[in-house]
Amino acid sequence: MVDQQLWDNPLSMRQDGYGPETARGATTGAAEIVLDGMRIGSPEAVAAHIEAHLLPQRQAELAAFDAEAWAGWVAEGERAAQERLGQDILKAPYGWAGFPVFRYGLYGYEHYFSAWALYPEVIEREMSLTADLCALRNAATARAIVENGLPPYIRLDFDLADSRGTLASPESLDRIWLPHFARAVAPLARSPVRMVWHCDGNLMALAPRLLEAGVKGFQGFQYEDGMDYEAICRMKARDGDDLLIIGGVSVTRTLPFGRPADVARELSWLVRHGPRNRLFLGVSSSVAPGAPWENLQALAQGLRHYREGGR
């Protein structure tokens, strides 16, 4: 099973990303951040840009939203991706579930999170309007998945944490973000579609909150940053159901720096402590260049062992 697509040519990756014209951005070393003619050099500038541009943009998107067109894009996009992959790999829906996110990609970490602390009412207005729009999109997405017989699964993908914990305090997330997130994903939570959250960093403090909002699984554990795989696998969805877990050999520790025996040991640990059903095995995220070939061979052998022999 794959949700995200594979790159056409991974060897096109450069020091600053994919493609020949990758520009430095707000989180990748841009010397200056300028949006819509406004220089973003302070939290005040972030708040001013949100009010002048992001809020009107969300309102326009809400007014123009076409549920039938959105559902059609979902169905056609997934059909085309499955056709490209063929019949040996299941393509699961990805990229169609929306929810409010941190806007550090636009404004940079320092200015955005300073605005989060100083102007929470502005940040929350953008979160609220985004949730209004995403609730409509998610309702259309759920309908497209069910009516077209697509896998009843979708991954929610956004980095809310680093190795120390959530990028904003859990208490402020409870006030500013979580109610709008829950409202945005409610149409998916009410449907047969199982939402799975992608984990980067240490997300332990947020995991119970995500489950309460309707998330029913997790993917992409950074065990070395404090993600307690065994504890998460013992958690339940809000309806009491077991979680869907996509666990994998660590791409930041075991695969690049361990030995083949370490790869086999980690796979065994994932299986031993994972849920009895709905466990996918693979790697914890993207495999980076430089992983030893013998470790990749051990990974392939281990995956084959569990696929053919089960537990």
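Just above sits the structure.
Residues numbered from 1 in each chain as written. Predicted model: local features only at pLDDT ≥ 70, side-chain atom pairs only at ≥ 80, totals over all residues. Heavy atoms only, no water.

A. Broad picture of the overall build of the protein chain. Counting its secondary structure elements, the protein chain contains 12 helices and 11 strands. Rg of the C-alpha trace for the protein chain: 20 Å, near the compact-globule value of 19 Å for 311 residues, within the 12% margin. Across its three principal axes, the protein chain shows a C-alpha extent of roughly 60 × 45 × 40 Å. In the protein chain, which comprises 311 residues, the proportion classed as buried is 46%. Contacts spanning at least 24 positions in sequence make up 73% of the contacts within the protein chain whose residues lie at least 6 apart. (Helix = DSSP H or I, 4+ residues; strand = E, 2+ residues; numbered from the N terminus. Rg over C-alpha atoms; globule rule 2.2 N^0.38 Å. Buried < 20%, exposed > 50% of the residue type's maximum accessible area, 1.4 Å probe, protein only. Contact = heavy atoms within 4.5 Å.)

B. Representation of the packing of aromatic side chains within the structure. Counted by the stated rule, this structure contains 25 aromatic pairs. Where Y104 meets Y109, the ring centres are 4.6 Å apart and the plane angle is 25 degrees; that geometry is what we call stacked. The interplanar angle of 5 degrees and the centroid separation of 6.4 Å between the aromatic rings of Y107 and Y112 together place this pair among those described as stacked. Assigned by exposure class, Y107 and Y112 land together as buried. Counting every residue linked through ring pairs, the aromatic cluster contains F102, Y104, Y107, Y109, Y112, F113, W116 and F158. (Phe/Tyr/Trp six-rings, centres within 6.5 Å; stacked < 30°, edge-to-face > 60°.)

C. Representation of helix α11 (residues 260-273) in the model. Its 14 residues place the ends of α11 20 Å apart at the C-alpha level, agreeing with the 20 Å of an ideal helix rising 1.5 Å per residue. For α11, every residue scored as buried is listed here: V263, E266, L267, L270 and V271. The buried residues of α11 all sit within an arc of 135 degrees when viewed along its axis, so they share a single face. For α11, exposure combined with an orientation more than 90 degrees from the buried face picks out R265 and R272. (Expected span 1.5 Å × (residues − 1). Arc of directions from axis to C-beta.)

D. Representation of the sheet that holds strand β9 (residues 217-219) within the structure. Reading across from one edge, β5-β8-β9-β10-β11 is the order of the 5 strands in this open sheet, with parallel pairing throughout. Edge strands, defined here as strands with exactly one partner in the open sheet, are β5 (153-156) and β11 (279-283). In this sheet, neighbouring strand axes are inclined to one another by 25 degrees on average, regardless of whether the strands run parallel or antiparallel. As defined by bridge partners, strand β8 (residues 194-198) adjoins β9 across 2 bridges and the pair is classed as parallel. The residue of β9 that forms the bridge with W197 is F218. (Pairing = 2+ DSSP bridges. Axes fitted to C-alpha atoms, helices over the stretch in contact; angles between N-to-C directions.)

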